[in-house]
Amino acid sequence: MRTLTKATLALPAACALVLASATGASADEKWTMNLTDTMGNDSGSSSTAHLTIAGDRLTVDITGTGFTPNSPHAQHFHGSFEDNKDFTCPTSAADADGDGQVNTEEGLPTYGDIMISLTTKGDTSPDSGLAVDRMPTADADGNLSYSRTITLPEGAGAKLKNLHIVQHGLDANGNGKYDLDALGESSFAKSVGVNDIPEEATNPATCGTVTGAAVGAPPTGGVATGGGTTEGVEAMGAFGAGAGALVLAGGLLAYRRRLARES
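Residues numbered from 1 in each chain as written. Predicted model: local features only at pLDDT ≥ 70, side-chain atom pairs only at ≥ 80, totals over all residues. Heavy atoms only, no water.

Go over the overall build of the chain with me, naming the residues and quoting the values.
In terms of helices and strands, the chain carries 6 helices and 8 strands. If you list the helices and strands of the chain from N to C, you get α-β-β-β-β-α-β-β-β-α-α-α-β-α. Counting all 263 residues of the chain, 45% fall into the buried class. Contacts spanning at least 24 positions in sequence make up 72% of the contacts within the chain whose residues lie at least 6 apart. Counting every atom, the chain has about 11900 Å² of accessible surface; 54% of that belongs to carbon and sulfur. (Helix = DSSP H or I, 4+ residues; strand = E, 2+ residues; numbered from the N terminus. Buried < 20%, exposed > 50% of the residue type's maximum accessible area, 1.4 Å probe, protein only. Contact = heavy atoms within 4.5 Å. Areas by Shrake-Rupley, 256 points an atom, 1.4 Å probe, with all protein chains shown as cover.)

Describe the state of the cysteines, and please don't skip the residues or the numbers.
Counting across every chain of the model gives 1 disulfide. Between the sulfur atoms of Cys89 and its disulfide partner Cys207 the distance amounts to 2.1 Å. Its S-S torsion of approximately -80° makes the covalent link between Cys89 and Cys207 left-handed. With Cys89 in the loop between strand S4 (75-79) and helix H2 (104-111) and Cys207 in strand S8 (residues 204-211), this pair connects stretches of sequence that are 118 residues apart. Of the two residues examined, Cys89 and Cys207, each falls in the buried class. (Disulfide = S-S within 2.5 Å.)

Talk me through unusual backbone geometry; I want residue IDs and the actual numbers.
Unlike most non-glycine residues, Asn70 shows phi in positive territory, near 55°. With respect to the secondary-structure elements, Asn70 resides in the loop between strand S3 (57-65) and S4. Although it is not a glycine, Asp196 adopts a positive phi angle of roughly 65°. Mapped onto the elements of the fold, Asp196 is located in the loop between helix H4 (187-191) and helix H5 (199-202). Using a relative accessible area of 43% as the deciding quantity, one classes Asp196 as partly exposed.

I'd love a proper account of H2, names of residues and values included.
Listed as buried for H2 are Thr104, Glu106, Gly107, Leu108 and Tyr111. For H2, the N-terminal capping position is held by Asn103, with its side-chain oxygen 3.2 Å away from the main-chain nitrogen of Glu105. Positive backbone phi, approximately 85°, marks Gly112, located one or two places after H2. (Polar contact = N/O pair within 3.5 Å; in protein donor to acceptor, adjacent residues only side chain to side chain.)

Can you explain the nonpolar core? Please cite residues and give values.
Considering soluble globular proteins, one finds that nonpolar side chains tend to be buried as a cluster. Leu51, Phe77, Ile116, Leu118 and Leu160 are the most contacted members of the largest nonpolar core, which totals 25 residues. For Leu51, the residues in contact, after removing those within four places along its chain, are Glu29, Lys30, Trp31, Met33, Leu58, Thr59, Val60, Phe77 and Leu160. One finds Met39, Cys89, Ala94 and Leu108 within the second-largest nonpolar core, a separate group that totals 8 residues. (Core = buried A, V, L, I, M, F, W, Y, C linked by side-chain atoms within 4.5 Å.)

Mind laying out the side chain of Ser47, listing which residues take part and the relevant values?
Mapped onto the fold, Ser47 is located in strand S2 (residues 46-54). Classification of Ser47 as buried rests on a relative accessible area of 5%. Separated by 2.9 Å, the side chains of Ser47 and Gln167 make a polar contact. Leaving out residues up to four positions away in the same chain, Ser47 has contacts with Met33, Asn34, Leu35, Ile62, Thr63, Gly64, Phe67 and Gln167.

Outline the pattern of salt bridges, supporting the account with residue identities and numerical values.
The tally for this structure, following the rule as stated, stands at 2 salt bridges. With a closest N to O distance of 3.6 Å, Lys161 and Glu29 form a salt bridge. Residue Lys161 is located in the loop between strand S6 (144-151) and strand S7 (164-168), and its partner Glu29 is located in strand S1 (residues 29-35); the two are separated by 132 residues in the primary sequence. Lys190 is paired through a salt bridge with Glu185; the nearest N and O atoms lie 4.0 Å apart. The class for Lys190 is partly exposed, based on a relative accessible area of 45%. (Salt bridge = Lys/Arg side-chain N within 4 Å of Asp/Glu carboxyl O.)

Here it is in structure tokens:
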């Protein structure tokens, strides 16, 4: 009788462990983002991003085609974790100066600040928004591949579906590289004190929002930044100011040196 009692008591505990395990496994959320040239910039680029959220751990897998060959492409999550703002992907209507291209400054009011920089290694904060040495590089055929697992600030995983991804860099004149002949200098780069960066390198090429999941209402309340690799994601407005702008300028300077070597 004692043995039966022990077995009877053990059974609910075992079931609870199984249920807990099943709940943990099903807690992962999987989303898909189709990234296209919503801006009408004639980038010729498109990507698919698969996201897996496990608590505050994010795994991002991106594959894309039609990118500028052998060139880095900055990519970020944009939007807001905190404010009730209707951020989304821009259309050609954002082309305020009518030059046929939605540039960085024209797109920002629609797609919002950088929240997470999708670098290949190291820091993923907005400070790394133009760390071109740590951004994915398209291969010789213009194919782009990216995979990384990122630890987010506490509570950010549940709000990630409110953001969207923007990828930058396009080949406007079809010569297989970024150059000044196509669109001239990047007005954004000049705004942070770096000259001779092609506009092609900084203009948005693709943008996409979450599909395949019920998108939550715009979030309210802050997200603790904690000690995750995206510490400081609560934005630097229009790519930042002050020390943040100096970091971004450093990335652009490194890229300008790379362009000089390649030419």
